[in-house]
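# Structural features, examined
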Amino acid sequence: MSSDDIRGTRLEKASQLRELGFNPYAYRWEVTHHAATLQAAYADLAPGEEVETQVSVAGRVMNRRVFGKLAFFTLQDETGTIQLYLDKGKIEAGMADVDADAFAHLKQLSDAGDIFGAKGTIKRTEKGELSVSVSQYAILTKSLQPLPDKWHGLTDVEKRYRQRYVDLIVNPEVRETFRRRALITAAIRRYLSDRNFIEIETPVLQSEAGGADARPFVTYHNTLEMDLYLRIATELHLKRLVVGGFEKVFELGRVFRNEGISTRHNPEFTTIEVYWAYGDYHDMMTLTEELVTYPATEVLDTLKISYQGQDIDLTPPWRRVTMHDAVLEQTGLDFTAFQTLEDAKAAAKAAGIVGAENCASMGHLLNEAFEQKVEATLIQPTFVTDYPVEISPLAKPHRSKPGLVERFELFMVGRETANGFSELTDPVDQRDRLEAQAARKAAGDLEAHSVDQDFIMALEYGMPPTVGMGMGIDRLVMVLTDSASIRDVIAFPLLKPERHEEKPEEKPGEEDK
RNA sequence: GGGUGACUGGCGCAAUGGCAGCGCAUCGGACUCUUAAUCCGUUGGUUCUGGGUUCGAAUCCCAGGUCACCCA
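All of the points below concern the structure found in this document. (Residues numbered from 1 in each chain as written. Chains lettered and ligands numbered in written order. Predicted model: local features only at pLDDT ≥ 70, side-chain atom pairs only at ≥ 80, totals over all residues. Heavy atoms only, no water.)

A separate point is the nonpolar core. Most often, soluble globular proteins keep nonpolar side chains buried together rather than apart. The biggest cluster of nonpolar side chains holds 41 residues, and the ones touching the most others in it are Ile-188, Leu-192, Ile-272, Val-274 and Leu-291. Those elements giving two or more residues to this core turn out to be helix H7 (172-194), strand E10 (248-256), strand E11 (268-277), helix H9 (281-300), strand E12 (304-307), strand E16 (404-412), strand E18 (466-472) and helix H15 (473-481). In terms of residue count, H9 provides more of this core than any other element does, 9 residues in total. Among all residues touching Ile-272, those that are not within four sequence positions of it are Ile-188, Leu-192, Phe-250, Glu-251, Leu-252, Met-469, Gly-470, Met-471 and Ile-473. (Core = buried A, V, L, I, M, F, W, Y, C linked by side-chain atoms within 4.5 Å. Buried < 20%, exposed > 50% of the residue type's maximum accessible area, 1.4 Å probe, protein only. Helix = DSSP H or I, 4+ residues; strand = E, 2+ residues; numbered from the N terminus. Contact = heavy atoms within 4.5 Å.)

This is how it looks when you write it as structure tokens:
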């Protein structure tokens, strides 16, 4: 039977329900209990025993096992599953005033996938399954689409992403991942709130994207007749708030980068940025540890986790190593010893650094060596510190190491997960660095941006010494839920639309830029 | 951007270049303790799309689409 036939049959069942006086798309059901609470409360009920407590449950029928005068349905709600024990005599007695043939109609008009409400008492069947022994039921929502194979489920990854609702219906572990994601972000907000950080929302639509090196999405405001950019970071506005007098601010929200898609990149993703006046990057490393260990402890109840088969120990304090030392360890290259860039390039090339000859500065070369030879080795949580100024346009110069800035990045399972630094507060220095960026943009660098003059103006009013940090929430959730792909922690990841040849899409006023 | 692979009823999967098939679900029937219920019967296909080779294509070739993995 084709899906259209199945749908037609179910539409017919819906219309039969209407003729019987039941709305197949009901308004309300009084729910008194959920599956998990019942399973826990009656864990000790012995097989064959019944309790006269009245309960009312609701959820989706996942499976039907129907006999002549008895039926068993598996009902799934948000918390889990519980069986409905549907006895012909009991139902006909319980629903005599509304439907004399309630049991026959149950068999004829219900399907796996329907949303059900059921009232009754608690019973553990003789075979040991905790059940609601139903006296009254209602089909609250008639499902028109068949569920996937009840044993094999839905495994096609493309269909799982395109029809996430089906994935969620049939794959409990997917629901658990998104439940954990919500608990993790709630824990982070609670932790910061308890320490008097406040969350302030900054604009998504901006006349100039900034705060990171990334290509922005462009959109258009009709009445202002101007291009606007979707934010690529929340940094520059949160710092304005610090100038304005907020000492502890953060924003946990979505940013947008017009770049490639991979198992670790989605065009829209979630970051948290935290700014803390009067602190420096040492303080922020400690706070960053806690922003990972607190949700891990709250949600997983452990700091020893497994990620894709690797054991990860989140117990603080985490290793802190300078970028110079990390590169020295992995490559033997001592970047403090090179006299000229040419010497360094030659040594780097000999050490197998690809593209060394194209690096514009010692700092870029050091970073290249780090990315190629060190990053992937940083499995356990590690803070890499003291970055070259050339790749850190918003960070404050290191108080004792010329050419470096007071910056750290957090690595876990070989991936950058957070980035923080003592913020550059000198408006003159900041203007110089942003103008250098703007020159790169003028030279054709699509990831560089113009000078945000208002941001410079804010700094000229004076920003207190401040440390800031940004962390990728999706990557953190991946680690804490043992998810291999970012698409497994984003409910609706971006996918290309499927193109159907028979439906030529009409494209009125198509405007390609 | 490059490479490799996948795509067949609603779902999960078969099919040496030779009649497109199986399980679940559906539909009809039997059944008061099932757990992927069981038993009997039944319907459902533009094999991702478009071309080509061939007497004959799910299968081989070319182009395109979507997804996955690896690389940049």
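Once that is clear, we can look at the sheet that holds E18. Read from one edge of the open sheet, 8 strands run E6-E10-E11-E18-E17-E16-E15-E14, paired in mixed fashion. The open sheet has two edge strands, strand E6 (198-199) and strand E14 (319-322), and neither has a second partner. Relative to E16, strand E15 (residues 382-388) is paired through 6 bridges, and the arrangement is antiparallel. When the bridges of E16 are listed, Val-384 appears paired with Glu-409. Packed onto the sheet, helix H8 (residues 235-243) meets E10, E11, strand E17 (415-422) and E18 and runs at close to 25° relative to E11. (Pairing = 2+ DSSP bridges. Axes fitted to C-alpha atoms, helices over the stretch in contact; angles between N-to-C directions.)

This next bit is on the pattern of salt bridges. Where side chains of opposite charge bring their charged atoms close, a pairing between them can arise. Counted by the stated rule, this structure contains 34 salt bridges. Ionic pairing is found between Glu-176 and Arg-179, a salt bridge with its closest N-O pair at 3.0 Å. On the criterion of helical spacing, the pair formed by Glu-176 and Arg-179 is a turn pair, its members being 3 residues apart in helix H7. Here Glu-176 falls in the partly exposed class, since its relative accessible area comes to 27%. The partly exposed category is assigned to Arg-179, whose relative accessible area is 43%. One salt bridge connects Arg-180 with Glu-176, and the closest N-O pair in it is separated by 3.2 Å. One end of the pair is Arg-180 and the other is Glu-176, both in helix H7 and 4 residues apart, which spans about a single turn. For Arg-180, a relative accessible area of 25% puts it in the partly exposed group. By sharing partners, the salt bridges in this structure join Arg-10, Lys-13, Asp-111, Asp-114 and Lys-142 into a single network. (Salt bridge = Lys/Arg side-chain N within 4 Å of Asp/Glu carboxyl O.)

Attention now goes to the pairing of E17. Where a strand is regular, its side chains alternate between the two sheet faces. Where burial is concerned, most of E17 is hidden: 6 out of the 8 residues are buried. The pairing of E16 with E17 spans 6 bridges and is classified as antiparallel. In the sheet register, Arg-407 faces E17, and the bridge partner there is Phe-421. Where E16 hands over to E17, the hairpin turn is made up of 2 residues, of which Val-413 adopts a positive phi near 40°.

Right, let's get into unusual backbone geometry. Geometrically, the link from Pro-316 to Pro-317 is a cis peptide bond, its omega value of 0° lying close to zero. Mapped onto the elements of the fold, Pro-317 is located in the loop between strand E13 (310-313) and E14. Even without being a glycine, Val-413 presents a positive backbone phi close to 40°. Relative to the assigned elements, Val-413 resides in the loop between E16 and E17. By relative accessible area, Val-413 is classed as buried at 11%.

Let us now look at the sheet that holds strand E9 (residues 226-230). Spatial strand order, E7-E9-E8: 3 strands in an open sheet with antiparallel pairing. With one partner strand each, in any of the chains shown, strand E7 (205-206) and strand E8 (218-221) form the two edges of the open sheet. Here E8 pairs with E9 via 4 bridges, running antiparallel. Each residue of the ladder has a partner; that of Thr-219, found in E9, is Leu-228.

On to the protein's contact with RNA strand B, then. Near RNA strand B lie 45 residues; those nearest to it are Asn-63, Lys-127, Lys-150, Glu-158 and Arg-487. For RNA strand B, the fraction of protein-proximal atoms (within 4 Å) that sit in sugar or phosphate groups is 59%. The side chain of Lys-13 places a nitrogen or oxygen atom 2.4 Å from a phosphate oxygen of RNA strand B. Within the side chain of Arg-162, an N or O atom sits 2.9 Å from a sugar or linking oxygen of RNA strand B. Those elements that place two or more of their residues in the surface near RNA strand B are helix H1 (3-19), strand E1 (50-66), strand E2 (70-77), strand E3 (80-87) and helix H5 (157-162). For the surface near RNA strand B, the leading source of residues is H5, giving 5 residues. Considered class by class, the residues forming the surface near RNA strand B number 15 nonpolar, 11 polar and 19 charged. (Near = heavy atom within 4 Å. Polar contact = N/O pair within 3.5 Å; in protein donor to acceptor, adjacent residues only side chain to side chain. Nonpolar A, V, L, I, M, F, W, Y, C, P; charged D, E, K, R; others polar.)

In short, the description is geometric, and any link to function would need to be established separately.
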